[in-house]
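# Analysis of the macromolecular model
Here's the letter readout for the chains.
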Amino acid sequence: MSLRGRAFIAGAFEHPLRTIPDKTVAQVHAEVAGGALADAGLTFADVDGYFCAGDAPGFGPLSMAEYMGISPTHIDSTETGGSSYIVHVQHAAEAIAAGHCKVALITLAGLPRSSGAGIAGAGRFGNSPEVHFENHFGMSIVAGYAMAARRHMHEFGTTSEQLAEIKVAASTHAQHNPNAFLRDVVTIEEVLASRMVADPLHRLAGCVVPAGGGALVVVAPEIAKSLQRHCIPVLGTGTGVKHVDNGRIDLTHTAAVQSGPRAFAEAGVSPADIDYASIYDSFTITVLVALEDLGFCAKGEGGRFVADGALQAPFGRLPFNTDGGGLCNNHPSNRGGITQVIEAVRQLRGEAHSAVQVPDCEIALAHGTGGNLATRMGSSTLILGRSL
Amino acid sequence: MTAPFLPLADVETTVENRPFWDALRNGRLDLPYCAPCSAFVWYPRAICPACHSGNDIMWRTLPGTGRVYSYSVVAKGSGRWKESGPYVVAYVQLDSGLVGVDGPRVLTNIVGDQPQQEVKVDAAVRMIIDSDVKNDAKLGDVVRNLLRFTLV
Ligand SMILES: [Zn+2]
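Residues numbered from 1 in each chain as written. Chains lettered and ligands numbered in written order. Predicted model: local features only at pLDDT ≥ 70, side-chain atom pairs only at ≥ 80, totals over all residues. Heavy atoms only, no water.

### Some points on the overall build of chain A
- Looking only at helices and strands, one finds 13 helices and eleven strands in chain A.
- Its C-alpha atoms give chain A a radius of gyration of 19 Å, near enough to 21 Å, the size a compact globule of 388 residues would have.
- Over its C-alpha atoms, taken along the principal directions, chain A stretches across nearly 55 × 50 × 40 Å.
- For chain A, buried positions account for 65% of its 388 residues.
- Within chain A, counting contacts between residues at least 6 apart in sequence, those at least 24 apart form 77% of the total. (Helix = DSSP H or I, 4+ residues; strand = E, 2+ residues; numbered from the N terminus. Rg over C-alpha atoms; globule rule 2.2 N^0.38 Å. Buried < 20%, exposed > 50% of the residue type's maximum accessible area, 1.4 Å probe, protein only. Contact = heavy atoms within 4.5 Å.)

### Quick word on the coordination of the zinc ion
Residue and element names in this part refer to chain B.
- Within the protein, the atoms that donate to the zinc ion are C34 (SG), C37 (SG), C48 (SG) and C51 (SG), at distances of 2.2 to 2.3 Å.
- Viewed at the metal, the four donor atoms of the zinc ion are separated by angles of 103 to 113 degrees, and the geometry they form is tetrahedral.
- Written as a sequence motif, the donor arrangement for the zinc ion is C-x2-C-x10-C-x2-C. Linking C34 in strand β1 (residues 29-34) with C51 in the loop between β2 (39-40) and β3 (57-62), this pair joins segments that are 17 residues apart in sequence.
- Classification of C34 by relative accessible area gives buried; the value is 1%.
- Classification of C51 as partly exposed rests on a relative accessible area of 32%. (Donors = N, O, S within 2.8 Å, 3.2 Å for Na, K, Ca; no water. Tetrahedral: all angles 85-135°; square planar, octahedral: opposite > 155°, others 65-115°.)

### Looking at the interface of chain A and chain B
- Opposite the 30 residues of chain A that make contact, chain B presents 36 residues.
- Across the chain A to chain B interface the summed buried area is about 2800 Å²; carbon plus sulfur atoms make up 60%.
- On the chain A side of the contact with chain B, F133, F137 and N246 of chain A bury the most area, a combined 28% of that side's loss.
- At the boundary of chain A with chain B, the tally comes to zero salt bridges.
- If you look at where chain A meets chain B, you find 16 residue pairs in polar contact (both at pLDDT 80 or more).
- Of all the elements in the fold, those that place two or more residues in the side of chain A that touches chain B are α4 (131-134), α5 (141-156) and β5 (196-198) of chain A.
- It is α5 of chain A that contributes the most residues to the side of chain A that touches chain B, seven residues altogether.
- Taken together, the residues of the side of chain A that touches chain B sort by class into 14 nonpolar, eight polar and eight charged. (Buried area = accessible area lost by both parts, 1.4 Å probe. Salt bridge = Lys/Arg side-chain N within 4 Å of Asp/Glu carboxyl O. Polar contact = N/O pair within 3.5 Å; in protein donor to acceptor, adjacent residues only side chain to side chain. Nonpolar A, V, L, I, M, F, W, Y, C, P; charged D, E, K, R; others polar.)

### What about unusual backbone geometry?
- For the bond running from W42 of chain B to Y43 of chain B, omega is -5 degrees, close enough to zero to count as cis.
- Within the element layout of this structure, Y43 of chain B appears in the loop between β2 and β3.
- In this structure, the amide linkage connecting G85 of chain B to the following residue, P86 of chain B, adopts the cis form with an omega of -5 degrees.
- Its place among the elements puts P86 of chain B in the loop between β4 (65-74) and β5 (87-94).
- One non-glycine residue, N334 of chain A, adopts positive backbone phi at about 60 degrees.
- Within the fold, N334 of chain A resides in the loop between α12 (325-329) and α13 (338-349).
- Residue N334 of chain A is classed as partly exposed on the basis of its relative accessible area of 39%.
- A positive phi angle, near 65 degrees, is found at H52 of chain B, a position not held by glycine.
- Note that H52 of chain B resides in the loop between β2 and β3.
- Residue H52 of chain B is classed as exposed on the basis of its relative accessible area of 59%.

### A word on the nonpolar core
- Counting 96 residues, the largest nonpolar core has L201, I285 and I383 of chain A together with I110 of chain B as its most contacted members.
- When residues in this core are grouped by element, the largest group, eight residues, is from α5 of chain A.
- Setting aside residues no more than four positions away along its own chain, I110 of chain B makes contact with V68, V88, A90, V92, V119, V125, F149, T150 and L151 of chain B.
- Counting residues in each nonpolar core, the second largest holds 63 residues, with A93, C101, V103 and A220 of chain A among its members. (Core = buried A, V, L, I, M, F, W, Y, C linked by side-chain atoms within 4.5 Å.)

### Considering the state of the cysteines
- Per the stated rule, a full pass over the model turns up zero disulfides over all chains.
- C361 of chain A supplies the cysteine sulfur nearest to C297 of chain A, a cysteine that is in no disulfide, at a spacing of 20 Å. (Disulfide = S-S within 2.5 Å.)

### A word on the side chain of E130 of chain A
- Note on placement: E130 of chain A falls in the loop between β4 (103-110) and α4.
- By relative accessible area, E130 of chain A is classed as buried at 11%.
- Reaching out from E130 of chain A, the side chain makes a polar contact with the side chain of R376 of chain A at a distance of 3.4 Å.
- E130 of chain A has contacts with R376 of chain A together with Y43 of chain B, leaving out every residue within four places of it along the chain.

### Quick notes on the environment of L98 of chain B
All names here are of chain B.
- Inspection of the secondary structure puts L98 in the loop between β5 and β6 (105-110).
- Looking at L98, the relative accessible area reads 23%, which means it is partly exposed.
- If near-sequence neighbours (up to four positions away) are discounted, L98 is found in contact with Y33, F40 and R60.

### What to know about the sheet that holds β1 of chain B
Residues and elements named next belong to chain B.
- The strand order β2-β1-β3 describes an open sheet built from three strands, whose pairing is antiparallel. In this open sheet, the two strands that pair with only one neighbour each are β2 and β3.
- Here β1 runs beside β3; their pairing, made up of six bridges, is antiparallel. Its bridge partner lying in β3, D30 is registered against T61. (Pairing = 2+ DSSP bridges.)

### Concerning the sheet that holds strand β3 (residues 74-76) of chain A
Residues and elements named next belong to chain A.
- Spatial ordering of the open sheet is given by β3-β2-β4-β7-β1-β8-β11-β10-β9, a layout of nine strands whose pairing is mixed. The sheet is open, and its two edges are formed by β3 and β9 (276-279), each paired on a single side. Strand after strand, the sheet turns through a mean of 20 degrees between neighbouring axes, direction not considered.
- Together, β1 (8-14), β2 (49-51), β4 and β7 (212-219) form the strand contacts of helix α1 (residues 25-40), whose direction differs from that of β1 by roughly 130 degrees.
- The strands touched by helix α2 (residues 61-68) are β2, β3 and β4; relative to β2, the strand with the most contacts, the crossing angle is about 125 degrees. (Axes fitted to C-alpha atoms, helices over the stretch in contact; angles between N-to-C directions.)

As far as function goes, none of this settles anything; it's purely spatial.
Here it is as structure tokens:
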């Protein structure tokens, strides 16, 4: 069953703050939920589907349904790290198409030091079967991504300067986002001069981790028709899983090689049709590899593809992350995903900042990479349209 | 016993991976091998992820040599590793010791006396069993081992 046109994003809301004192994680989930519902012109009473991931406290959807006073007929707590919320849009569209719910709410919230508190938090990994073969070597998250970057450089000649272009583009966009955590435009030289955290990745090659949150409301076509708000149709969805593969891990690709083609096929479009792309940017290398895997360029050509401001809005070859992305704007609880979808919705509604609004933006892509590039990951690709 | 190169860890062995840790204690690198699939199983476990059978899994000793598949020099560790750094995290592609069979790529550290800038992709390495003795209130002195590598 194709999901094309079977569900619409009616509400999208990003918490405006990056420091949220004196609030709990549950409270921020509820606040962003209220924001997205208000954006759609709906209320908590309309919600019959609820989706959250490992950042939700307690028993996840059960705890949060109680906190928010909702009684959903459909719940889902799929956990794939930062790509979870893009998977949730796919699952919400599936549930709506199956008639299991009509108004699906998706929430993400994080406060510093809150990550790992919930259903799939850090404690969960203690009994993973691989834990004693991976966790005792000081492999920080950034070291894993650094090894992916190193191998890409070795096989394809990718350079640190090319990776830095990605941060430069994100920072160029973030200057226009008054809520962005980092608003200063940086140069390639400044990225390369920043502290080396895990060779070859510098401090400015990684994302920010502020407090924050976001929410989406996905609705059935008949609900979308009844609302005043510009609702964004889901055109295509795809999920992929990649892992160590019995010791044969290839660090130069991600599970986007699976999720991308599935989403493009369902939408009936190709990479050349994409006017705007939100690409998960936990690190600069995450973007570069995803661009190749999604088919925006050939494998190994990512470094050349991102050069010369290609990712810069509004007139680059592929304007990306016009909110500043995870590299500059927001990445609460070590997770993006939902912010990728929110900015794609803004672009398709024509509500991005005027300095970065892509003219005639008709088809947008939001792509998430969760987990770790160096071990196991869930990738999710979502293609959205201005109209059906 | 000399001090370990980098922090060691309390390892909880399971019925699935105990032969790996027993071999390491005896100076060997042993991995499960599925004969019908002609493939090593990584990480060590009781069921081959290719044929989903555990019946034909046997443990084989590998030569303990390999090549760097990728690596990163980490400036400074965190948590238990906060006193460590710079140190090298790497994937090492193990030599299988069998013709026509690839060894797995394993996460590890490159340690030893050679300068870290000599670590390169494809550099030849050999295993070091990094060890210490930890005094446990209940168990007494416990020898702890991890599989690490050094440049050849
Ligand atoms: Zn087998």
